[in-house]
Amino acid sequence: DPLNPYASISRAKGVDTIHYPRETLQQKAGDCDDTVVLLASLLGNIGVPTKIVDVPEHVFLLVGTGLTAYNRMALPVDEDLFAIVEGDLWIPIETTALDRGFATAWEIGASKYNSAQVKNLVDVSDALTRFEPADLGPPDFNLTAPGTALVLDRLQRDVTRFTEWKNHYTSGLSGVDGSSDTGQRGRDAVAHVYYRSGRLDDARRELEVSSSPSVANRNNRGLLRIASGDPAGAMDDLEAAAAGD
C-alpha cells in the first residue's frame, strides 16, 4: 500500500489496501488511509470521537473536542482552525503530517477541510455499529514506545504554538486602545472567552480593569460573581447595571 498511494488508487477507481493499526505501527509507514485508521483507533480507545473526511484523492480526520458551537469560545482560536458539524466543534487533522507536530497537522487539516469543494464525512462510531470488528489475535511483534524526553519536547512545541494562536485570537478581540470604549468592549469579549473556558479569575481580571465600567461590564461582573459563588456580591453589580440602563 505505501507503494500504491490512496490518490492513485482512487483515480483508477481500484480497490485499496488499508492496513490494520498494528500493521502501520509495525511498518512505521503508511499513506493517508492507513494513518487515518491508526489515529482514529488510538483516539477511539480513549473515548475521543472521530470522523473520516473523504475528499477527492485523499482522506483525513476530524477529531471531536467535546465542545458545541454555543461554547466555541472555550477553544480560543480563529474560526478557520475548526469545523462545526451538526452543532459540534471538530479539529481537522492531516494525519500524514503528524511527524511535523500536532499543531502543524492541525493547521494543514483545517486548510484542506476549508478548501475542499466536495467532502464526505464518515462517522467512525456509527460505522463500528454496522461492521463487525476483525479478531486478529495477539500481535506477533513488540512495539518500542518513544522516549519521554522526545514526547515532552514535541508537546511543549505544540503548547507554544497553541498559545500563539490563543494570544492572536484574544488580541483581535481586545481593541487597540485600552482606555477607549472599544477597548473596554474588547476586554469584555476576552473575559467572555475566559468565562466560557472556566477561567473565572482571568475573566475577572479583564472585567475589573475599567475604573468607570459600562452597564454591560457591570452586568457581566455580576454574572461572574454568581458563577463564582458570590450571589450577595453580584447584587451590587447587577443593581448598578439596572440603575444605569
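Values in this document were obtained by computation on a predicted structure and should not be read as measured data.

Criteria and cut-off values
Residues numbered from 1 in each chain as written. Predicted model: local features only at pLDDT ≥ 70, side-chain atom pairs only at ≥ 80, totals over all residues. Heavy atoms only, no water. Axes fitted to C-alpha atoms, helices over the stretch in contact; angles between N-to-C directions. Helix = DSSP H or I, 4+ residues; strand = E, 2+ residues; numbered from the N terminus. Parallel < 35°, antiparallel > 145°, perpendicular 65-115°, else oblique. Left-handed = near helix turned anticlockwise from the far one by under 90°. Contact = heavy atoms within 4.5 Å. Nonpolar A, V, L, I, M, F, W, Y, C, P; charged D, E, K, R; others polar. Salt bridge = Lys/Arg side-chain N within 4 Å of Asp/Glu carboxyl O. Buried < 20%, exposed > 50% of the residue type's maximum accessible area, 1.4 Å probe, protein only. Arc of directions from axis to C-beta. Pairing = 2+ DSSP bridges. Phe/Tyr/Trp six-rings, centres within 6.5 Å; stacked < 30°, edge-to-face > 60°. Lys NZ or Arg CZ within 6 Å of the ring centre and 35° of its normal.

K.L.:
Sorry if this is basic, but what is going on with the packing of helix α8 (residues 200-207) against helix α9 (residues 215-227) here?
P.N.:
A pair of packed helices is characterised by two quantities: the angle between their axes and the separation of those axes. Where α8 contacts α9, the axes come no closer than 10 Å and their chain directions differ by 155°. With respect to each other, α8 and α9 are oriented roughly antiparallel. For the crossing formed where α8 meets α9, the hand is left-handed. Between α8 and α9, the residues in contact are L200, A203, R204 and L207 and N217, N220, R221, L224 and A227, respectively. Grouping the amino acids of the contact of α8 with α9 by side-chain chemistry returns five nonpolar, two polar and two charged.

K.L.:
Looking at this structure, I do not really get the pattern of salt bridges. What am I missing?
P.N.:
Side chains that differ in charge, positive against negative, can pair when their charged atoms come close. One pass over the structure, following the stated rule, counts 12 salt bridges. The salt bridge involving D123 is made with K51; its shortest N-O contact spans 2.9 Å. Here K51 lies in strand β1 (residues 50-55) and D123 lies in strand β5 (residues 120-123), a separation of 72 residues in the sequence. With relative accessibility at 10%, the residue K51 sits in the buried group. Several salt bridges converge on common partners, so that one network encompasses R199, D202, R205 and E206.

K.L.:
I'm lost on α8 in this one. Help?
P.N.:
Residues that lie three or four places apart on an α-helix share one face, since the helix turns once every 3.6 residues. Residues of α8 that are buried: A203, E206 and L207. With its buried residues spanning 95° around the axis, α8 presents them on a single face.

K.L.:
It is not clear to me how the pairing of strand β4 (residues 88-93) should be interpreted in this structure. Could you clarify?
P.N.:
In the case of a regular strand, side chains alternate between the two sheet surfaces. Among the six residues in β4, five count as buried, and that is most of the element. Across five bridges, the pairing between strand β2 (residues 58-68) and β4 is antiparallel. The residue of β4 that forms the bridge with V63 is I91. By the bridge criterion, three bridges tie strand β3 (residues 83-85) to β4 in an arrangement that is antiparallel. Looking across to β4, one finds that I84 is bridged to L89. Two successive antiparallel strands, β3 and β4, enclose a turn made up of two residues, where E86 displays a positive phi of approximately 55°.

K.L.:
Help me understand the packing of aromatic side chains, please; the structure alone is not making it clear to me.
P.N.:
The description of an aromatic ring pair rests on the distance of the ring centres and on the angle between the ring planes. Within the structure shown, the criterion is met by four aromatic pairs. Aromatic side chains F102 and W106 sit 6.0 Å apart centroid to centroid with 65° between the ring planes, which places their arrangement in the edge-to-face category. Placement of both F102 and W106 in helix α4 (residues 102-115) is noted, with a separation of four residues, approximately one turn of the helix. Taking the relative accessible area as the measure of exposure, F102 reaches 37% and is therefore partly exposed. Measuring from ring centre to ring centre gives 4.9 Å for W106 and W165, while their planes differ by 90°; the resulting arrangement is edge-to-face. Linking W106 in helix α4 with W165 in helix α6 (residues 148-174), this pair joins segments that are 59 residues apart in sequence. Note on accessibility: W106 and W165 belong to one class, buried. Every member of this aromatic cluster is reached through a ring pair, and the members are F102, W106, F162 and W165. We note K119 situated over the ring of Y113; from NZ or CZ to the ring centre the distance is 4.4 Å.

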